[in-house]
Amino acid sequence: GESVGLHLPTLSVQEGDNSIINCAYSNSASDYFIWYKQESGKGPQFIIDIRSNMDKRQGQRVTVLLNKTVKHLSLQIAATQPGDSAVYFCAERDKAAGNKLTFGGGTRVLVKP
Amino acid sequence: DVKVTQSSRYLVKRTGEKVFLECVQDMDHENMFWYRQDPGLGLRLIYFSYDVKMKEKGDIPEGYSVSREKKERFSLILESASTNQTSMYLCALTGGGVRTEAFFGQGTRLTVV
């Protein structure tokens, strides 16, 4: 079936460096993608989203890139800080399947001081 | 701010018990979802609802049922709890617009002994 997955389960990053988290998806009909951050003991929190008619979207210290040709999504975090340590999930929506979101398995980001 | 409240943070139940997990929202959103989250498996959709008294099966509905008698409340029911239902349960909701970011509750960690 359709799935959303992540390449790296754990990413260690030096404080101040940039982080890149990758996500592959298989449903070519997906039209909307979201990145979530989940800190220990909390529910996932929205970070940034992108629609399928865009290639790039920037937020505060974060950028999402979408490559529809290879069905790849990435989240870039600039100047990673200790507070960025968390698990990051990508999610996709197929409009034809209603408003439910399909999530990837998650990547843990560990920021080293 | 959107508020999604799950009735319990931690629950311990015995095998065979009937378990109710409650989720209440204050945003008048139509779409509500129940996910379970397990290490290495990410978030998996159990059931969702687009309206009062309406429910749809997600990817892993076996052993669960749901109830949506009022728009603001979506309940997940474990008819006869089993140890393989030990997990983190997350309630989420989305609006009906183009951007359907999901807002999550804080999660309920259920342990079945």
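Scroll up to find the structure.
Residues numbered from 1 in each chain as written. Chains lettered and ligands numbered in written order. Predicted model: local features only at pLDDT ≥ 70, side-chain atom pairs only at ≥ 80, totals over all residues. Heavy atoms only, no water.

Q: Just give me the short version of the environment of Tyr88(A), but keep the residues and values in it.
A: All names here are of chain A. Tracing the chain through its elements places Tyr88 in strand S9 (residues 86-93). Residue classification places Tyr88 among the buried positions, given a relative accessible area of 1%. Taking the C-alpha atoms as reference, Tyr88 lies 7.0 Å from Trp35; in sequence the two are 53 residues apart. A polar contact of 2.5 Å, which involves the side chain of Tyr88, links it to the backbone oxygen of Asp84. (Helix = DSSP H or I, 4+ residues; strand = E, 2+ residues; numbered from the N terminus. Buried < 20%, exposed > 50% of the residue type's maximum accessible area, 1.4 Å probe, protein only. Polar contact = N/O pair within 3.5 Å; in protein donor to acceptor, adjacent residues only side chain to side chain.)

Q: Outline the packing of aromatic side chains, listing residues and values.
A: What the rule picks out here adds up to 11 aromatic pairs over all chains. On the basis of an interplanar angle of 90 degrees and a centroid distance of 5.2 Å, the ring pair of Phe103(A) and Tyr35(B) is categorised as edge-to-face. With Phe103(A) in strand S10 (residues 101-103) and Tyr35(B) in strand S4 (residues 31-38), the pair connects residues from two separate chains. With a relative accessible area of 6%, Phe103(A) lands in the buried category. Assessed through its relative accessible area of 2%, Tyr35(B) is described here as buried. When the centroid spacing of 6.2 Å and the interplanar angle of 45 degrees are considered together, the rings of Tyr35(B) and Phe104(B) count as tilted. Taken as a pair, Tyr35(B) in strand S4 and Phe104(B) in strand S10 (residues 103-104) lie far apart in primary sequence, 69 residues in all. In this structure an aromatic cluster arises from ring pairing among Tyr36(A), Phe46(A), Phe103(A), Phe33(B), Tyr35(B), Phe48(B), Tyr50(B) and Phe104(B). (Phe/Tyr/Trp six-rings, centres within 6.5 Å; stacked < 30°, edge-to-face > 60°.)

Q: Give a description of the sheet that holds strand S3 (residues 19-25) of chain B that names residues and reports values.
A: Residue and element names in this part refer to chain B. The strand order across the open sheet formed by four strands is S1-S3-S8-S7, and the pairing between neighbours is antiparallel. The open sheet is flanked by strand S1 (4-6) and strand S7 (64-70), the only strands paired with a single partner. Taking the axes of each pair of neighbouring strands and ignoring which way they run, one obtains an average angle of 20 degrees across the sheet. Bridge analysis of S3 against strand S8 (residues 73-78) gives six bridges, and the strand direction is antiparallel. Looking at the pairing, Cys23 lines up with Phe74 of S8. (Pairing = 2+ DSSP bridges. Axes fitted to C-alpha atoms, helices over the stretch in contact; angles between N-to-C directions.)

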